[in-house]
Amino acid sequence: MRLARVIVVVVLAALASVYVVAGAPIALAVFGVQVLYLLKLRRWWLLAAQAVLVYTASVAGGVSTGILGFLAGSLLLTPAHRDKARVLAPLVVASAALIDAARGGATADATITMVLVSLVVFGLTRLVERAGEMHAARLSLAAAAAAAERLRLAAELNDGLGRSLEVIVEGGRRALAVPDRAGEVLASVTATARAALADARAASADYRATSLAPELVTARVMLDAAGIAVEVRGGHTEPLGPGGALLANVLREAVTDVVRRGTARLCVIETSEQGDEQGATETSEQRDKPGNTVRLRVIDDGHRTAESPDFDGLRLEEAGGTLVAGLSPTGHFVVEATLPRGPSPAALPGETGTAGAGAPEPPAGRRRRRPLPTLTHDASYVVSVAVLAAVLVGFSVKALLLLPGALVIPAAACLAVIVVMQLRSVNGRHMVALGVMAVLTYAPIPVFGPVWLGTAGFLAGPVLLAFPWPAAWPMTAAIVGSVAAAGMLFGLPAPVLANSTLSTLVTGLVVYALLRLAQIVKELQAARESLARAAIVEERLRAARDLHDLLGHSLAAILLTCELARRLKCPRERIEEIVAMAEGARADLRSVSGEQRELSLADEVESARTVLSAAGIRVTVEPAELNLPAEVETVLGTVLREAVTNVLRHSEARHCAITMRAGEGGLLLRVSNDGVSSAGAHPGRTRPGSSGIGNLTTRLAALDGRLTSHVDGDRFTLEACVPHRAPVPA
């Protein structure tokens, strides 16, 4: 925001310098008051002082009435008694016309000049203020967007999984109250638990689908753990839509293949976007928008043959994408996947937008993926362009008033083209438009005469905007010099020549300031929306992690206990466990919905012992008396939950060992189990659609921790290490 204020101060100084050169040093005091207004020091006494200064300069000093524009602009900016100030501003304009009429001058030209100065003062100051407000509000908007998303997720999850947990709790209590019907009730509860677990996993995958970021983190950790140098070059814009899940699967399989081979020294992961072919007409606004196609490339130097990883079942073609893999001419193995970006986002509730109108309902049994919301378009950008257009039109009218009647129409046509080209400059660097303006600036001079020299200021502004300053300022100096040279050829008097030359520079600065501030407002608006969307993506990823790691574990334990209870003749103890676990799952659901829940590592160890023992798995625990921060206990408790779930789901374990140790490198949690099948005994191998390792990697990375895993024969070991700066034994 400092740059925006500097731009405005320079422009105000340039405006004041016109009157100083005309012999009114009092304009320096007027400039000083205007800078105080820019700094939001707005008091009626300051306004009164400015009125005394400008009227003294105009009435007593004979200065152009345009200087009254500073006062009119300040009146429009005055927050106190704004209605009165807005009434006084037109009176100042009228007084300028009366003063100029009394002098016998060109009333219309002087009045337009005064109005233009007031518009420049008001417009630039308000743009700077609005840009500051948008910059300050960006974090609050992101927080509000995340909070709104959290409420929507909570409503959605409570409506589905919340009801399922209520059914499980009520069913368990009914089975305890009516033991004779326990078998029948348990069958219903088991079916509900199985459906709820499937829904939780589907919802977790759904929330993760819009982002590739977690899988990039997982890939880096896996490659680092395998001793393979890795470079990640992210060039895509989140969210990705439904295609994010497919690209995540491609990345997972490609990186797993690199790790499994173990011969690579370097792996490069690149993401990029491609839009429609815009060619030379592409604007900066279009470049800032997400592309229509997202590309993922995984390159490694460890393949000796063109044998490709197994991508069967990913079905990118059905989603409109492509997947190719093979050796490049340089001998590197390249996996490249491209997918179209998801559908246009829908609007937030309560905001305008029709992106989701008329969308077809998903097939029965399939979850609708809700795209990310778009934010409302801020009116500040429209206001900035409107002020720019008004100033450009005002300068054009001043020039037309000085031309003979026969030349007004062709001159108006030329000026209209210049104004349109100027307004296009807001959206980027247009060299063709700049060339057209240059031609229309110099070619009509022989026809329209010295009056047309003022249009050179219209060219100087876009030149300052389109080129780096080391090149822009010499070009601007050349434009100003050309006006001085042309004025001398026309034989203009020295005062008129000096005024024309200085006015060209001032007009260029005014146009540049309005163009640049309009761009700054637009950039801030885009950055604010991007930050809010990133907050929403992060909120969904958090919900996905908690669904998988917290609620998924609880539901899996409930389902296992239900199946065990149905086999027992007297299942009362197991039914009580089911009710207790369902109550705990309700707390997990509240955590998924946004309520922070701290886990106790000791409680999670006991829970793991109970669940594994109930499944017939012998458990040995080597605990350590530790004094850990709450966030460390929560993360390690989550790791233990995921590890126990994996033991139950993906092994035929007979023994599981849980070990906790504190060393110089930090706190180590190790979970080791036997019963791993030879088919899955590949270090780093993950299941298609698996997100558990990625979730845990992300959680540990927030604490500078790391997650590793390895297979030794039929034994699988998962280790989580969290560094600490102080001794942790109690």
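Residues numbered from 1 in each chain as written. Predicted model: local features only at pLDDT ≥ 70, side-chain atom pairs only at ≥ 80, totals over all residues. Heavy atoms only, no water.

## Focus on the pattern of salt bridges
Then step 1. Counted according to the given criterion, the structure contains 19 salt bridges.
Then step 2. A salt bridge links arginine 233 to glutamate 270; its shortest N-O distance comes to 2.7 Å. A residue pair is termed long-range when its members are at least 10 positions apart, and arginine 233 in strand 1 (residues 229-233) and glutamate 270 in strand 2 (residues 266-274) qualify at 37 residues.
Then step 3. Arginine 641 is the partner of glutamate 604 in a salt bridge, and the nearest nitrogen-oxygen pair spans 2.9 Å. Taken together, the positions of glutamate 604 in helix 19 (residues 601-614) and arginine 641 in helix 20 (residues 630-650) put the pair 37 residues apart, joining distant regions of the chain. Comparing glutamate 604 with arginine 641 shows no difference in burial state: the two are buried. (Salt bridge = Lys/Arg side-chain N within 4 Å of Asp/Glu carboxyl O. Helix = DSSP H or I, 4+ residues; strand = E, 2+ residues; numbered from the N terminus. Buried < 20%, exposed > 50% of the residue type's maximum accessible area, 1.4 Å probe, protein only.)

## Brief notes about the sheet that holds strand 8 (residues 666-673)
Then step 1. A sheet is described by the order of its strands in space; here 5 strands give the open sequence 6-7-8-10-9, paired in mixed fashion. With one partner strand each, in any of the chains shown, strand 6 (618-622) and strand 9 (706-712) form the two edges of the open sheet. Across the sheet, the mean angle from the axis of one strand to that of its neighbour is 10°, orientation sign disregarded.
Then step 2. By the bridge criterion, 5 bridges tie strand 6 to strand 7 (residues 655-663) in an arrangement that is parallel. Of the residues in strand 7, the one forming a bridge with glutamate 622 is threonine 659.
Then step 3. Strands in contact with helix 20 are strand 7, strand 8, strand 9 and strand 10 (715-722); relative to strand 8, the strand with the most contacts, it is inclined by about 10°. (Pairing = 2+ DSSP bridges. Axes fitted to C-alpha atoms, helices over the stretch in contact; angles between N-to-C directions. Contact = heavy atoms within 4.5 Å.)

## Structural notes on the confidence of the model for the protein
Then step 1. With 83% of its residues at a pLDDT of 70 or more, the protein shows a mean pLDDT of 78.
Then step 2. This model gives residues 343-377 a pLDDT under 50, and the stretch forms 62 contacts once residues within four places in sequence are excluded.
Then step 3. This stretch, residues 726-730, has a pLDDT under 50; its non-local contacts, to residues over four places away or in other chains, come to 11 contacts. (pLDDT = per-residue confidence, 0-100.)

## With respect to the packing of helix 12 (residues 405-424) against helix 15 (residues 456-466)
Then step 1. Put simply, helix 12 and helix 15 touch, their axes get as near as 11 Å, and they point 15° apart. Classed by the angle they form, the pair helix 12 and helix 15 counts as roughly parallel. Considering the relative orientation of helix 12 and helix 15, their crossing is left-handed. Facing helix 12, whose interface residues are Leu415, Ile418 and Gln422, helix 15 presents Phe458, Leu459 and Pro462.
Then step 2. Its residues assigned to classes, the contact of helix 12 with helix 15 comprises 5 nonpolar, 1 polar and no charged. (Parallel < 35°, antiparallel > 145°, perpendicular 65-115°, else oblique. Left-handed = near helix turned anticlockwise from the far one by under 90°. Nonpolar A, V, L, I, M, F, W, Y, C, P; charged D, E, K, R; others polar.)

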